[in-house]
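If you want the building blocks of each chain, they are given just below.
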Amino acid sequence: MSEGSDSGAKGAGGPVRKIIHVDMDAFYASVEQRDDPALRGLPVAVGGSSRRGVVAAASYEARKFGVRSAMPSVTAKRRCPDLIFVPPRFDAYREISHQIRAIFRDYADEVEPLALDEAYLDVTRDKAGLGSATAAARAIRARVRAETGLTASAGVSYNKFIAKLASDQNKPDGLTVIPPRRGAAFVQTLSIRRFHGIGPVTAAKMEGLGIFSGADLAAKDRTWLAAHFGNSAEWLHNLARGIDHRRVKSNRPLKSLGGERTFFHDLIADIEIREALAHVCTVVWDRAAKRHARGRTVTLKLRYADFRTITRAKSVPFPIGDGAALLAVGEAILAQLLPVEQGIRLLGVTLSKFEGEEEDADAAAPPTDLLSLI
């Protein structure tokens, strides 16, 4: 069977794409271990070590003890008593990220960063003249190691969804290639908790309905999926079959921006929670103003003392034009949650649904001058 003949392998109306997802290995922690040889081989967490601290990243040595990003520092220390905390150096991480992206652009015109440490590359056009997407991925990883002293894992496939799953398959310092003929079978062997885009809440709902793997999901028809997951039915149906028509976009439109604050002491009183909201809204609006971003949806995030986290959103008919309007919407959301039964340890605000935001046009055909996947 030819690679282009598999269901879902082609972009709508176009030939098979060649997508690489590159993911740096334990990026922040690896940078710290690179720059401080005394940390190499030891369990390292980037983040604060205080009672209110949170792990931003963990080395692989720390991960063996169950330490993960976003974990409270006290929990991480309990799991790994020898854990070494290192304060983050985001300027250093950004500088290295720019260096890595410059490498990516030698191999692909279309590079879509997802964060400082990962990106999609569309290498359908053989920009570097290497003959295959796999050869391009090998060359990229070799250059990243040579020029930064860091390792990266990569997934090579015919769409973004599977490429991202593949990059996580053989971490750290791994390379996994999933051609179209293997796409659906590969997806169906995985836990649905591995699926990018399916969060813990949706995964728990699926498991309650007897869906634990991609194969379980593929066994459900569209009607059943629509009854339980509404507008997400078609998306879920496609994922279970290895279908994803999204294109790699160099200039990703702004989807949201926000900010949050963790408090040293839990906030209990209504007035102090409102003051905290005002502070976070000021920060968020400053960021929005600098980017001339005007959104219609405000999302409030609260994390309680027991680490239970809730989010509530409110949309308004017209784009929010100033900080006072942003705060007013935030206040309206917060009013429904006060008074709180237990203290608030974190408060966050996100602005989204920006002016000019359009539906994804990922169905357009990829470029010609095709590159072999293998």
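Notes on the structure in this doc start here. (Residues numbered from 1 in each chain as written. Predicted model: local features only at pLDDT ≥ 70, side-chain atom pairs only at ≥ 80, totals over all residues. Heavy atoms only, no water.)

## Thoughts on the nonpolar core
Phase 1: In this structure, Leu300, Leu302, Leu326, Leu347, Val349 and Leu351 are the most contacted members of the largest nonpolar core, which totals 31 residues.
Phase 2: Secondary structure elements with two or more residues in this core: β9 (256-267), α12 (270-290), β10 (295-304), α13 (323-335) and β12 (344-354).
Phase 3: With eight residues, α12 is the largest single contributor of residues to this core.
Phase 4: If sequence neighbours within four positions are ignored, Leu347 has contacts with Gly259, Glu260, Arg261, Phe263, Ile273, Ala276, Leu277, Val280, Leu300, Lys301 and Leu302. (Core = buried A, V, L, I, M, F, W, Y, C linked by side-chain atoms within 4.5 Å. Buried < 20%, exposed > 50% of the residue type's maximum accessible area, 1.4 Å probe, protein only. Helix = DSSP H or I, 4+ residues; strand = E, 2+ residues; numbered from the N terminus. Contact = heavy atoms within 4.5 Å.)

## Here's the deal with the sheet that holds strand β5 (residues 110-115)
Phase 1: Taken together, five strands build an open sheet; the order of strands is β5-β6-β1-β7-β8 and the sheet is mixed. Single-partner strands in this sheet number two, and they are β5 and β8 (175-178). Across the sheet, the axes of successive neighbouring strands diverge by a mean angle of 15°, strand direction being ignored.
Phase 2: Pairing of strand β7 (residues 152-157) with β8, which is carried by four bridges, proceeds in the parallel orientation. Along β8, the bridge assignment pairs Val156 with Val177. (Pairing = 2+ DSSP bridges. Axes fitted to C-alpha atoms, helices over the stretch in contact; angles between N-to-C directions.)

## Examining unusual backbone geometry
Most of the time, phi is negative for any residue but glycine, and the peptide bond is trans.
Phase 1: Note that the residue after Lys171, namely Pro172, is joined by a cis bond; omega there is -5°.
Phase 2: By the secondary structure assignment, Pro172 is in the loop between α6 (160-167) and β8.
Phase 3: In this structure, Ala26 takes a positive phi of about 45° despite not being glycine.
Phase 4: Assignment of secondary structure puts Ala26 in the loop between β1 (19-24) and α1 (27-35).
Phase 5: Positive phi values are uncommon outside glycine, yet Asp173 reaches one of about 60°.
Phase 6: Mapped onto the secondary structure, Asp173 falls in the loop between α6 and β8.

What is shown is where atoms sit, not what they do.
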